[in-house]
Amino acid sequence: MTYDQFEALAMPLMIFGLVAFMGFIVWDLAKQSKAGRYGTFVLFGVLGLGVMAFVIKEVVIGIIG
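Our subject in this report is the structure included herewith. Owing to the predicted nature of the structure, the values given are computational and were not obtained by experimental measurement.

## A few points about the packing of aromatic side chains
- Here the structure, examined in full by the defined rule, presents one aromatic pair.
- Ring centres 6.1 Å apart and planes at 35° place the aromatic pair Phe24 and Trp27 in the tilted group. Here Phe24 pairs with Trp27, and both are found in helix α1 (residues 3-32), just three residues apart, close to one helical turn.
- Exposure remark for Trp27: the relative accessible area of 41% places this residue in the partly exposed category.

## Looking at α1
- Taking 1.5 Å per residue as the helical rise, α1 with its 30 residues ought to reach 44 Å, and the 42 Å between its terminal C-alpha atoms agrees with that figure.
- The sharpest bend along α1 comes to roughly 25°, located at Ala10, with the proline Pro12 sitting one to four residues further on.
- Within the span of α1, buried status applies to Ala10, Gly23, Val26 and Ala30.
- Residues of α1 that are buried in the fold lie against α2 (36-64).
- Positive phi appears at Lys34, one or two residues downstream of α1, with a value of about 55°.

## Brief notes about the pattern of salt bridges
- Evaluation of the coordinates by the stated rule reveals one salt bridge.
- The residue Lys57 makes a salt bridge to Glu58 at a minimum N-O spacing of 3.4 Å.
- Of the residues examined, Lys57 reaches a relative accessible area of 41% and is grouped as partly exposed.
- Judged by relative accessible area, which is 38%, Glu58 ranks as partly exposed.

## Quick look at the environment of Val26
- One can find Val26 in helix α1.
- Between the C-alpha atoms of Val26 and Leu47, which are 21 residues apart in sequence, the distance is 8.1 Å.
- Non-local contacts of Val26, meaning those with residues more than four positions away in its chain, are made with Leu43, Phe44 and Leu47.

About the thresholds
Residues numbered from 1 in each chain as written. Predicted model: local features only at pLDDT ≥ 70, side-chain atom pairs only at ≥ 80, totals over all residues. Heavy atoms only, no water. Phe/Tyr/Trp six-rings, centres within 6.5 Å; stacked < 30°, edge-to-face > 60°. Helix = DSSP H or I, 4+ residues; strand = E, 2+ residues; numbered from the N terminus. Buried < 20%, exposed > 50% of the residue type's maximum accessible area, 1.4 Å probe, protein only. Expected span 1.5 Å × (residues − 1). Bend = angle between axes of the 7 residues up to and from the residue. Contact = heavy atoms within 4.5 Å. Salt bridge = Lys/Arg side-chain N within 4 Å of Asp/Glu carboxyl O.

Geometric descriptors of this kind do not, in isolation, establish any biological role.
Take a look at the structure:
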């Protein structure tokens, strides 16, 4: 396995792990702060927008390159 193949495999897995960990942190933050349904929705919405921006960036890079 070359370095490029390893990087192509490891990068999406590590990013998924990071996003899952951030989701756990946001959920715990919402629970501890008693944010309620709307506050939890807003917290996860902002996290989702950040993830969506990353995915869109990768798609655009894939189309251009």
